[in-house]
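Topology and contacts: notes
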Amino acid sequence: EHVAALFGELSSLQVINVLVLMLPEKAAACLDTMPAEVTSRLLSELPLSNAARIYRLLKQSKQAVSVLLTEKRRKQIHHHLLYSTESAGALLNSSVDMFPHNINVADAIHRLERQEHVIANEVYVVDDLHHLVGSIALGRLLTSDHHIDLDDVMNRKTQPVSVHASIDSLLAHPGWKAHHSLPMVER
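So, here's what we can say about the structure.

About the criteria used
Residues numbered from 1 in each chain as written. Predicted model: local features only at pLDDT ≥ 70, side-chain atom pairs only at ≥ 80, totals over all residues. Heavy atoms only, no water. Axes fitted to C-alpha atoms, helices over the stretch in contact; angles between N-to-C directions. Helix = DSSP H or I, 4+ residues; strand = E, 2+ residues; numbered from the N terminus. Parallel < 35°, antiparallel > 145°, perpendicular 65-115°, else oblique. Left-handed = near helix turned anticlockwise from the far one by under 90°. Contact = heavy atoms within 4.5 Å. Nonpolar A, V, L, I, M, F, W, Y, C, P; charged D, E, K, R; others polar. Pairing = 2+ DSSP bridges. Salt bridge = Lys/Arg side-chain N within 4 Å of Asp/Glu carboxyl O. Buried < 20%, exposed > 50% of the residue type's maximum accessible area, 1.4 Å probe, protein only.

**Describing the packing of helix α3 (residues 24-32) against helix α5 (residues 48-57)**
Axis separation between α3 and α5 bottoms out at 8 Å; the angle between their running directions is 65°. The orientation of α3 with respect to α5, classified from their angle, is roughly perpendicular. As for how α3 packs across α5, the hand of that crossing is right-handed. Judged by residue contacts, Pro24, Glu25, Ala27, Ala28, Leu31 and Asp32 of α3 engage Arg53, Ile54 and Leu57 from α5. Within the contact of α3 with α5, the residues separate by chemical class into 6 nonpolar, no polar and 3 charged.

**Details of the sheet that holds strand β3 (residues 132-137)**
Spatial strand order, β1-β2-β3: 3 strands in an open sheet with mixed pairing. If you trace the sheet from one side to the other, it starts and ends with β1 (98-100) and β3, each paired once. Recorded for the sheet is a direction-independent mean angle of 35° between the axes of neighbouring strands.

**Quick word on the pattern of salt bridges**
In total, this model carries 3 salt bridges according to the counting rule given. Glu45 is the partner of Arg41 in a salt bridge, and the nearest nitrogen-oxygen pair spans 4.0 Å. Placement of the pair is Arg41 and Glu45 together in helix α4 (residues 36-45), with a separation of 4 residues, close to one helical turn. The class for Arg41 is partly exposed, based on a relative accessible area of 35%. Residue classification places Glu45 among the partly exposed positions, given a relative accessible area of 40%. Between Lys75 and Glu71 there is a salt bridge, with the nearest N and O atoms lying 3.2 Å from each other. Remark: Glu71 and Lys75 occur in helix α7 (residues 71-81); sequence separation between them is 4 residues, near one turn of the helix.

What follows is the structure in structure tokens.
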């Protein structure tokens, strides 16, 4: 209740920054004491994976909050809830940067320049059906010849993780030795 009162004095951005760092159980308990309108607004502004973890743990306000979410956000959150809390899918970040495989380096760099958020070290490359086909490190992208195709400079040796993998197998995945993040795939 004290944290919820403090949140009432802070800007939405400050509240979001704190909620992202809170344990999901504590964040849900805090949001349960707040009006459903405020909770639904905060869940709409949180990164999706954080919002889904917190929403899953709401007790008193879940139904009232669900009604106030946009249909798109409600579907996004419910899609996350399909995964067991013991699976990698419950932890995934669905906001990832991706390039289509059939563009050249110059076009990929141009797409990066138009982004308003910070880009991770690697960008995933997908085919026309959005299947993962590779990744490219930003350093490699920026130093490559601008006229060659992305297919020719991307790393095809990706180490995807199944969203259905257990959290223990996720932690033991060998891809962590070479990468800061790993792509998750459903199939």
